[in-house]
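Each chain is listed here by its residues.
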Amino acid sequence: MILRRIRGRVHRGWISKLIVVVCPSFESIRGTVLDVLFSGAHGFSALIETQIEGDEPHYTLFDTGPESKSIARNIAAMHIPVEKISRVVLSHWHSDHSGGILSFLNVRRQKISSLGPNHTPTPPPCVVDLHPDRPIARGIAPNGPEKVMGQLNPDPTFEEIEEAGGVVEKRGEGHAVAGGGVWVSGEIPRLTWFEEGLHIGAVRFFEEEGEAKGKWVLEQHIMDERYAAIDVAGKGLVIFSSCSHAGIVNVVRDAIKTFNRPVHMIIGGLHLASSDLLYRIAPTVEFFSTKMRPSPTYVLPMHCTGFTAKVALEKALGEGCVPASTGMRIEVVGDREVDKGMFPPVVEDD
Ligand SMILES: [Zn+2]
Ligand SMILES: [Zn+2]
């Protein structure tokens, strides 16, 4: 596989491999296949393996799922080489994505200590790449911020992450990681008319200066959200958008603007599940199928996409809509020769 190497906002050179692991290949499973059980949970986590031709592979964990047990179980079931994962990227501060960070770091630390001090190569420190604007708390208040119905589990703090062995890196701007092979976005511009953020009374807790208690405030947009993109030679962009609070059309528009490359694959939660968001399904599908040229080759809707949106995507994209969940391993093979014949995409304005 050949991927392009990304440097800053401009990509030059070549990478050679992209593997997304939400499950192992059968060849990598030792013992009987029936022993291998995975744990699905509400949230998102994907291990991204990228390789520039001639270089060593890089392992980047994009989100960690909602809690400590599912990620630990899946790492064990998949025989993930956790000691090689040198970066965890958190898409946004919601616990269904951040809930496994500390568990992952603990599993990694245990694995490294079991390998002993003389293990080579020496496992690199694990950077935890986070948006600097960590909320104190987030919750849901459909009847207004005075009546908070539910609070999300707390995200791990920067201090807890450091104590668990992570090297906290606070990044609010777009940047390239994994040897230049994975692009982590900055703030996603909100441009699309129907992607208006959260409707259901999402709230965030703010401390107030001089006041002991602080207060809950309506929060329509999750501005700390980031997507990841990998540019595969001969294929185009593979976009990871975990929860798409910003709107998947906004995400795709920004990725195309950043790279000027066609979209090969979209993986993640498209945030179209709840009844108040159903009106967004038709224009989203219309954007994929008619307003961007070429259309994405594959869309892998997961997490918060919702059944109705999946059906609509399948109707519009056919086999280009691939059901996905815990238990998948996706390999994207690049091709330099094919890349020479590729053209920049065209995207219609709203
Ligand atoms: Zn979220
Ligand atoms: Zn989510």
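Everything below is about the structure shown above.
Residues numbered from 1 in each chain as written. Chains lettered and ligands numbered in written order. Predicted model: local features only at pLDDT ≥ 70, side-chain atom pairs only at ≥ 80, totals over all residues.

1. Observations concerning the overall build of the protein
Stage number 1. Helix and strand counts for the protein come out as eight helices and 21 strands.
Stage number 2. Taking all 350 residues of the protein together, the buried fraction comes to 46%.
Stage number 3. Restricting to contacts in the protein with at least 6 residues of sequence separation, those with at least 24 account for 75%. (Helix = DSSP H or I, 4+ residues; strand = E, 2+ residues; numbered from the N terminus. Buried ≥ 20, exposed ≤ 12 C-beta atoms within 10 Å, placed from the backbone. Contact = placed C-beta atoms within 7 Å.)

2. Thoughts on the nonpolar core
Stage number 1. Judged by nonpolar contacts, the single largest core of 73 residues is most densely connected at Ala228, Ala229, Val238, Ile239, Val252, Ala255 and Ile266.
Stage number 2. The element contributing the most residues to this core is helix 5 (residues 248–259), with seven residues.
Stage number 3. Val252 has contacts with Ile239, Val263, Ile266 and Met292, leaving out every residue within four places of it along the chain. (Core = buried A, V, L, I, M, F, W, Y, C linked by C-beta atoms within 7 Å.)

3. Quick notes on the pairing of strand 13 (residues 202–206)
Stage number 1. Judged from the four bridges that link them, strand 8 (residues 137–140) and strand 13 form a sheet pairing that is antiparallel. Residue pairing for strand 13: Ala137 is matched across the bridge by Phe205.
Stage number 2. Bridge count for strand 13 against strand 14 (residues 215–218) is four bridges, and the pairing is antiparallel. When the bridges of strand 14 are listed, Phe206 appears paired with Lys215. (Pairing = 2+ DSSP bridges.)

4. Structural notes on helix 1 (residues 68–78)
Stage number 1. Among the residues of helix 1, those classed as buried are Ser70, Ile71, Asn74, Ile75 and Met78. Looking straight down helix 1, one finds its buried side chains confined to an arc of 130°; they lie on one side.
Stage number 2. Positive phi appears at His79, one or two residues downstream of helix 1, with a value of about 55°. (Arc of directions from axis to C-beta.)

5. What about helix 5?
Stage number 1. Helix length check: helix 5 (twelve residues) gives 16 Å between terminal C-alpha atoms against 16 Å at 1.5 Å per residue, within 8%.
Stage number 2. Most of helix 5 sits inside the fold, with ten of its twelve residues counted as buried.
Stage number 3. Residues of helix 5 that are buried include every one of Ile248, Val249, Asn250, Val251, Val252, Arg253, Asp254, Ala255, Ile256 and Phe259, and no others.
Stage number 4. Remark: Asn260 follows helix 5 within two positions and exhibits a positive phi of approximately 55°. (Expected span 1.5 Å × (residues − 1).)

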